[in-house]
Every structure is written in structure tokens, then in C-alpha cells.
Amino acid sequence: MSSNNKITGALAAFAVAALMAGPAVAGTPLNVVQKKALADAKALQAPSPTAGQTLTGADGSPAAVVPDELHNYMHAQRDASGKVQVLETDGTTAPAKAMEVTNE
Amino acid sequence: MNKLRNALAVAVLAALAAASSAQAADLIPVNLDGANEGYNDNTPATPVGGNYGTTKGEQRRIVAQYAAAMWGSVLKSDQPIYIAAQFNPLGANVLGSAGAVTVHANFGNAPVANVWYPAALADAISGIDLAPTSYDISSQFSSDFSFYYGLDGKTPAGQINFLDVVMHEFGHGLGFQNFETEATGAFLSGRADIYSVYTYDNTTGKFWTAMTQAERVTSALNYGNVVFTGANATAGAKLLLDDRKDFRVTAPAPVAGNYAIGSVTFGPLISTTNFNGQVVLGTDSVGTPGDGCEAITSNVAGKIALIDRGVCTIAIKTKNAQDAGAIGVIIANNAAANPPPNFSGVDPTITIPTIVVTQAAGTSFKANLPMTVTYVVDATKWQGADDLGRPRLFMPNPVQSGSSGSHYDNNAMPNLLMEPAINDSLRSYYNLDITPHLLKDIGWQLNTASAKIGSPNVPDCDTGLSGTPSGGLFVAGTIQASNELCLISAQTRGAYYSCMDAARDRMVAAGVLTSLQGNKVMMCARRVQDHQVFPIAF
């Protein structure tokens, strides 16, 4: 095992331990160090499930992956006077109509 | 009215303060960007507006962390809420996106059976991580756009406040969204969601969960008539929204009533004193008579001129009407859309107000001229809510995929964080208006504990400042988010204290804290300064 692999292995072990530990003290919010550790650990996990994948919740309850089409996308537009408009739509398609249009 | 509002305020605060054993939520952005990109972009940056980052990536991380801390202080959950966080080159003009990664139903303690809940909320209610291999919220923002990364709300003209965008998007991820496609009426996997349980159409008298798919398609176009019925959102709307302003036709009877209007960027705004009187057709004698693009030849002197949209600019039409002696202009849209559009334009010589109505309203008006109109303030109603005070949801016609349904109506005043268009009047670094109220309706518990300041080595110090939302202000969230920022960024004890001192000054200057309250914050900051070693080792 190379030194890089050893480091990766150690990080992975730490990640699993950190994630399994959950909140450090029940009833007490995490402090900044604990949050950073959990964020680093989560980043080493497998990627999120993909849209369309059938899921079952950890307690056996029904679950579903939300497709990107149902996420909210924000768009910026500028009107004739240069004023920025920010709109939100599903998907990556820009909104068909500005909130503020330039005549006609 | 004031008595009613005061009574409502007490009721809202009491309801929001309902006891719970859960803790403040921990929202954890997980940086998934690679080296020297996005959240790790090493491009040097000048600290701005309380954001102490010295690289573009660091400033972005600080804003995301700040937004996470703000939301975390507002909500309760024993389960960490993981937010996949990335900056990517996105499509032209795309700023970013966010939403729940998974949805869950019929988990332990689910308040409503057989409906989807977003992952973060389902975890909070059930007390377990229902999808442990998944993030709860997915977020990505554009690496091609120049945001304002300050935390003080002082966004320069022409820029977009990144904190407002992130707070808005995280709000969606936490549950301010349905899981339904408005264009088809289809629920995700054929199952309704908790947001739609409260989505109600005043025209049909039906909740979305009681409608057929075809009925939801129609309802999603019913601008102004679909509301969110949750008790907390309703109480919050009655407390926070302005008195309703209505453009009203008073005669003749066939068209009497209130109508939605669009606005223009030139001339005076419509008011109760400048838009009263008789409406007549404004016509010219060239080409299409009703377009008002040439000198108005009909008698509009002392009256309000009704003119069709099209052919020339709205400013030209208004100027022609003004030159003919009109006191105001109503533009009838020439396309089927509701709400009627707003128009930009510049003409400093225009001194009369102009409004825009829908094509359908314009057609009705023309068949009933002359008519009498007025502009009224109704202190018994609320701007952006129905007659019962229930906040309106944004349901434009034609449907705006993504904007429709999962937002408060853009008709609301003051502007709300969860309207479909971000605007520069938002102050999400301390004001979340009636967003948490809706989240409480769908099942979140709000954290009403007083603001606490601590660090890894120093137990939380209670500032004694209320965590209860008051008038939309969440002071506890701002204080605790500022504390986290200062803990992360400070290299020395003195730097931490200076950071908190600057944050206090910003809050006092913004009127969020009184000087006395600011001193309480700094007493706790002093305790952290005295006992915490800096820099904190991560």
C-alpha cells in the first residue's frame, strides 16, 4: 500500500467513524469543528443516488429520488435599462418571459 | 386592525414557541468541488461586507456556511442535514439550482400518511437518517456569474446578492416546494406531497390533493386564486404583509371588481390620489386607432385613457395620452397572460400614472365604457393574501415551469424571500419573513431558543436574545451565523473579538439589535475570546 493509499484508507476509516457517530452530544448542536469533520467525511462517501432509482428508506418506508426537473433553477436576465432580473424555473431552460418586458 | 394584529402576533409567537426536545438543526454544506475551482477557487478577492474571505472560493464557502448556520438556527433536527455544494459552469444566465435529493413517505412519526416529505424534513421528524448514503439537499451555483459575496445586504447596483440566492435555494431544499409538474399535473411517482396538502384553489374550492391531474393543470394557471392554507403561514401573513392595495372598477356593474395590474418604470406610481375617475377609450386617427401610437384624437381630457398594447412603446402611448389631457393610462395587454406584465421604459416628461391589465380585462372594459375606477387601500385585507389572509402562491398563466406552485406570489408586499424573482429589497441575513411559518406548517419544528454563542472549547453562552421570530426577523440566527463565521476565520483571539464586534455593529446599524442587545452579544463574545484558542484546528 502506497503512502497515498494509506492516507486515503485512514481518511475513509475516519469518515465512516465520523458518520456513524452522528451528532456528538445528543440535544446539543454541533460546533464548527464537528461540522467540518462530518462534511469532510460525507464528501468521501459514494455519490447520491440518481434520478429514477427506486429507494427504500432506512426504516423500510417508501422513498424516491427527485429528478433534476423538479429542482429549482435560478436565472438572471437584464431588461433594457440594464436592471438585473432573477427568475426561477425548473430545469436548465431559461424562462420564456421576463418578469419585466420592454414594451410591445 | 392594530388590535387584531397584536392579538395575532401573540398567537403566532405562542404557536411557534411550542415545546420540543429536538435541538437546533445542523446544516452541513459538503464541498464537492475539485482543486482550484468553485468553492476552492484560489483567485484572490478583497474582503467585502463582513465576508473576510481572501479568495473567491473562500468567500463562496463563507456565504454557504453562513446560510447553513442561519437556517440551522431557525429549525430543529437531531439529524445533520447534508447539502451537496458545488460551483459549476452552468448554462447562459443560469445562477444556480437546489432541491431535495430524495423524498420519503410513511416513515416513523410521519404526520400525514401517504405523502412525500423532503429528505431533511423526513429525517427531522423520524429522528433517523432515512437515506444515509445520500445528500439531503443538492445545490450548485454558477462559476461564471459575478455575485456579491458580502453579508451585509449592501449589494451594489447591477449585482446579485449571493446570500439571498443561497437562502432562497436552501429554503426550497428544506421543503418550500411541491413535487409535482405543473404542466402535466403529475405528482412524483403518483404520490402527493406535504406542500400540496396545503395548496388550495379558491375558485374550485379544492385542495390539490383532492384534484384530478387535469384539474391541477387548470389550477396551476389560476393566478391570484391559489393559496397556502397552513395556519402558521396564514397567521404570519396577517402579521407581516402590508394592507392590500387594489385597482378597482366601481361601475358599471358588469365589470365591477378588483383587477390584477402590472406597472411601468416611468411616470409616477399609481396611488389612491392619482388614479380615480372615468375611463374612456384613447384612440388616434392613424393606422390601428386603439394603439395610441399617434396623437390621441378621442376626448380623454381629465379622464383615464384605455389603450391597447402593441406597435409602439408604452411610454409613447402614455405621452400621447398625457398630451391630450389624460390623467392616467390603462394599457390592455395584447397577449393572454396573467398576471399582466410590467414594462420598462424611460421618459422623464411623463407625469401621469400608467398601469397594465390583462387582455381579458381589457376586452371586458372596452365593452363597458365609460367606466369608473379607483385605487384603494383596504386595511382589512393583506397584500399577497386572499380575503381570509392565506398567502397566495404564484400560479401564472401560462405556466412557468419551476416558478409556478413552489413560491409565494410576486404580488406580495413587502417582497418575500420565496417569491419567484429575487430582488434587492430582501435582507435574508436577518429577515426570513414568512418562510419559516410555511416550513412549520409542513412539519418542521422551529427553534425558538434564545441566541447562544460558544466555541469548541467554550460552552454556549446564552445572550438572552429571543430566538422567537418577530416580524420576520431571526436575530438569533444572524448572531449564531456570525459567531460561526468569526470562529472559522479568526487567527487570533483579538481577531475573533473584532470580527464579532463588526458583526454587532452591522446588526445595530441595520436596526436588528439595540445597543443594549449588542452589548449582551459582546459579553458572550468576550467569554469565547478569553477561553478559546485560535486559530481553531480543523
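As the structure is a prediction and not an experimental result, all values here were calculated from the model.

A. Examining the pairing of strand E21 (residues 371-382) of chain B more closely. Residue and element names in this part refer to chain B. In this sheet, E21 lies alongside strand E14 (residues 243-251) in antiparallel orientation, the contact comprising eight bridges. Across the sheet, the residue bridging to Lys245 is Val377, located in E21. Pairing analysis gives three bridges linking strand E16 (residues 277-281) to E21, with the strands arranged antiparallel. Looking across to E21, one finds that Gln278 is bridged to Thr372.

B. Examining the domain arrangement of chain B more closely. Each assigned domain of chain B is listed here: domain 1 (2-236 + 383-441), domain 2 (243-381) and domain 3 (452-531). Computed from C-alpha coordinates alone, the two centres of domain 2 of chain B and domain 3 of chain B are separated by 51 Å.

C. Geometry of helix H8 (residues 314-323) of chain B. All names here are of chain B. Counting buried positions along H8 gives eight out of ten residues, so the element sits mostly inside the fold. Where H8 is buried, its residues touch strand E17 (304-308), strand E18 (328-332), strand E19 (342-343) and strand E20 (354-357). In the segment just after H8, Gly325 is the residue with positive phi, at about 95°.

D. Main features of the nonpolar core. Residues and elements named next belong to chain B. Ranked by size, the top nonpolar core spans 138 residues in total, and within it Tyr66, Ala67, Ile83 and Val475 carry the most contacts. It is helix H2 (residues 56-74) that provides the largest number of residues to this core, a total of ten residues. One finds Phe275, Val300, Ala305 and Val356 within the second-largest nonpolar core, a separate group that totals 31 residues.

E. Highlighting the pairing of strand E2 (residues 81-88) of chain B. All names here are of chain B. The buried count for E2 comes to six of eight residues, which makes it a mostly enclosed element. In this sheet, E2 lies alongside strand E1 (residues 27-31) in parallel orientation, the contact comprising five bridges. Bridging across to E2, Ile28 finds its partner in Tyr82. As for the winding sense of the linkage, the β-α-β connection from E1 through H2 to E2 is left-handed.

Rules of the game
- Residues numbered from 1 in each chain as written.
- Chains lettered and ligands numbered in written order.
- Predicted model: local features only at pLDDT ≥ 70, side-chain atom pairs only at ≥ 80, totals over all residues.
- Pairing = 2+ DSSP bridges.
- Helix = DSSP H or I, 4+ residues; strand = E, 2+ residues; numbered from the N terminus.
- Domains from an automatic or database assignment.
- Buried ≥ 20, exposed ≤ 12 C-beta atoms within 10 Å, placed from the backbone.
- Contact = placed C-beta atoms within 7 Å.
- Core = buried A, V, L, I, M, F, W, Y, C linked by C-beta atoms within 7 Å.
- Right-handed = clockwise from strand over helix to strand, strands pointing away.

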